[in-house]
Every structure is written in structure tokens, then in C-alpha cells.
Amino acid sequence: MVACLGLLAIGYVMVVSSSIHIGKNQLANIWNYPFKQFAHLMLGMASAYLIAKIPMQQWEKWGIKLFFFGVILLVIVLIPGVGVTVNGSTRWLNLGISIQVSELVKFFSVVYMAGYVTRRADSLRTSIVGLLKPLALLGVAGVLLLLEPDFGSTVVIIATAMALMFLAGARLVHFGILFSVVAAAGIALVIVSPYRLERVVGFLDPWTHFKTSGYQLGNALISFGMGKVLGVGLGNGVQKLFYLPEAHTDFLLSVVAEELGLVGVLTVMALFSLFIWRAFKIAEAAERIGQFYASYVAYGLGIWFGLQALINIGVNMGVLPTKGLTLPLMSYGGGSMIIMCCAVGLLCRVYDEAVEIKANTIPEPRVRVKAKHE
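This one's a predicted model, so the numbers in the text were calculated from it and none came from an experiment.

K.L.:
Hey, could you run me through the state of the cysteines in this one?
P.N.:
Chemically, a disulfide is nothing more than a covalent bond linking the sulfur atoms of two cysteines. For the structure on display, the rule yields zero disulfides. Looking at the unpaired Cys-4, the closest cysteine sulfur is the one in Cys-341, lying at 6.1 Å. Looking at Cys-4, the relative accessible area reads 6%, which means it is buried.

K.L.:
I tried to follow the sheet that holds strand S2 (residues 89-94) on my own but got confused; where do I start?
P.N.:
Read from one edge of the open sheet, three strands run S1-S2-S3, paired in antiparallel fashion. Two strands lie at the open edges of the sheet, namely strand S1 (84-86) and strand S3 (98-100), each paired on one side alone. On average, each strand axis in the sheet is tilted by 45° relative to the strand beside it, whichever way the strands run. Sheet topology note: the S1/S2 ladder contains three bridges and is antiparallel. Residue Thr-85 lies in a different strand from S2, and its bridge partner there is Thr-90.

K.L.:
What am I meant to see in the environment of Val-16 here?
P.N.:
Structurally, Val-16 is set in helix H1 (residues 2-27). Residues Val-16 and Trp-31, 15 residues apart in the sequence, show an inter-C-alpha distance of 8.3 Å.

K.L.:
Can you help me understand the packing of aromatic side chains in this one?
P.N.:
Each aromatic ring pair is described using two quantities: the centre-to-centre distance and the angle formed by the ring planes. All told, the structure shown has 14 aromatic pairs when counted by the stated rule. Their ring planes at 55° and their centres at 5.7 Å tell us that Phe-210 and Tyr-215 sit as a pair that is tilted. Every member of this aromatic cluster is reached through a ring pair, and the members are Trp-59, Trp-62, Phe-69, Phe-107 and Phe-108. Its end group placed over the ring of Trp-277, Arg-278 keeps NZ or CZ at 5.0 Å from the ring centre.

K.L.:
Before we go on, may I ask you to explain unusual backbone geometry in this structure?
P.N.:
Negative phi characterises most residues that are not glycine, and trans characterises most peptide bonds. Here the bond from Glu-148 into Pro-149 is cis, since omega is 0°, no more than 30 degrees from zero. On the secondary structure map, Pro-149 appears in the loop between helix H6 (129-147) and helix H7 (151-167). Even without glycine at this site, Lys-228 takes up a positive phi of about 50°. Within the fold, Lys-228 resides in the loop between helix H10 (215-227) and helix H11 (252-288). By relative accessible area, which is 65% here, Lys-228 ends up exposed. Phi is positive for Phe-242, close to 70°, though the residue is something other than glycine. Within the secondary structure layout, Phe-242 lies in the loop between H10 and H11. Of the residues examined, Phe-242 reaches a relative accessible area of 49% and is grouped as partly exposed.

About the criteria used
- Residues numbered from 1 in each chain as written.
- Predicted model: local features only at pLDDT ≥ 70, side-chain atom pairs only at ≥ 80, totals over all residues.
- Heavy atoms only, no water.
- Disulfide = S-S within 2.5 Å.
- Buried < 20%, exposed > 50% of the residue type's maximum accessible area, 1.4 Å probe, protein only.
- Pairing = 2+ DSSP bridges.
- Helix = DSSP H or I, 4+ residues; strand = E, 2+ residues; numbered from the N terminus.
- Axes fitted to C-alpha atoms, helices over the stretch in contact; angles between N-to-C directions.
- Phe/Tyr/Trp six-rings, centres within 6.5 Å; stacked < 30°, edge-to-face > 60°.
- Lys NZ or Arg CZ within 6 Å of the ring centre and 35° of its normal.

Shown next, in the form of C-alpha cells:
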């Protein structure tokens, strides 16, 4: 909770800092984005509380149904006139608040995959078919995501699923073959898609392509350079003033780097590391008492948060090509914030049940066995 609340607090402050000028310029209201983000936080925490009240047994029953519901939403968002298009991507449904469907699908995928690896553990360990079955279903969701297009979310979902299968005991040979095929498919998707290839080119040399594909990354790197160790001071950043696109969403970390410096970036990374470590410790605790489904849910949530944070941080630092992924629990966005908070609520449920079961377990009395010489 320390890590979670720390990320929420820093994220909110930085969203306010990076969005006031946008509200003033576009809507003549400097408090538009801060007020909306505060509402997102309140809705997210309320949703997390409700999610934490649902038993893990119920989540296990709902797993496959929730996943298919997510696939239906992916189809609906692609219907012309229904899905909301922003910057050329159709990823949102307007339900009073903009919901990014891919975030829901990530959540549902973890719930579904945790149930699959729990039920089919023997199949995963003995046959490559056990690995292919869930990936075929996830592949359907992946194709729909690529049509939006949303390559980043597809990578996160497939990588999280494969990591869970690996933790469940998939044979290294089978896993290696499958990983090679998936990696080759990912590279092929980049090569055949002009806009993805353009992003890679801009990533490899942002300064040569500064006015085109390297514009975002170039300005992000300038933010890191200007921030140095301690930053220029909260609210004093320049790059966010219409130089750095998506400063309050995908490139929020660059604003952190400029205004809070290396210290601010390392603090954010430390909080994410603490969060992921605790998620894995909760998973380990559930596994020790035989709650394997709950354990895989916690592992999956930790992997999901870790992958998405790693990709976003890597993109901001110029280590990875540009991807449209938000920084978990920090970036501006209603749907993303609510779903991430729901994931935290589910993680808390795993912890609560593990503690309760452990407390109610009566240890078997130890019987001293006499040695032979006695």
C-alpha cells in the first residue's frame, strides 16, 4: 500500500503540473484535467474496495466468461461510430467515462490465465499443446487489438500469459520454441507495418528524424537532460509546454525527469520495484498454503504491472521504441486508472485470504521419533 499510494500521489501531482497549461489553452479552465484525474482516483479507489470484497473462488469461476466478455468489447470498439478514435487509434468506449478496452482485457486475461494454469498444470508440463490452447484464445484478442491498432497491449498480454505458463512448469524446450515463434511474429508485424517501422527508425536515431518520427523521443531525452540530478523544480518544466506530446499520459515520466531530476525518476522506479516485489511475495505466501489460483493471479498482476512500467520507462528513456502504454497508477486517464486500482484491490484480496487461511490452519502436532540407540 505504501508503494501504491506513493505512485498515486506522485502521479497526481505530476499530472497537475503537466496539464494545467493544456486546460487553459484548450478549455480556458486550468483545473479541468486536475479535477478529472482526482475523480478518476476516487472512482479507482472505490472500485478497488469493491473488487477486494469478491472471494477468489468467485474470480476463478468467472475467468473464462470475463475473458470472452473482454473479446466482445474488443469487437464492439471496432464498430464504426461506436469506438472513440484518438490519434489514429480506436481503443476507447465512451460510457460516461472513457474506458480503454485493452486495459480491461489485460485484467481479464490475468484472471483467465491463472485459472487455466491451475487446472491444466499437468498438460503444460508434458505437452506443447497445453501451451498452444490458451495462446490460441489470446491470439484472437491480439488480432482485435492489432486492428485498433494497439501493439503494446498485445505484447503485454501475450508476455504475461507466457510468463505464467513458465511459472506453472512449462518445459523449457517447449517454452523456448514458442517464445521464438512469438518473437518472430512480433518482428514481422513491425516490418510489414509502415508506422511501426517508422517508430523503430525514429527510435534508432531520434536526432536525424527529430521533426518526424523522432520528435517525441527527442523531446523526452531533452527533458531528461535538462532535469539533471535534482530537476528544475516542480512546475518549472519547459518541455511540457507543447514541446513534448502526451506529457500528461504516455510521457509523464519525462516531466518527472525534468522537474524532479534523477532523484524523482529513481524514486518512481524504486516504488514500482517495491510494488512488484511485494506482489511476488504475496503470490509466494498464497502458494505455500496451497492457494495456487490466487498465487498465479498475484504473479500475473505483478508481471503485468512490471512489464507495462518497464516498457513505459524504457520508451521515455529511449531504450525501447515508442509505444502507447500508460505508466501504471500515474498517467492521466479514467479507464486506465480505474482498472489499475481494481488490480490492486484484487491483489489485496489474495493477501487477505492468504493471511486468513494461514491464521485458521491448525498446525499438526509434532511427534518426536525415537532414535535407534534409544
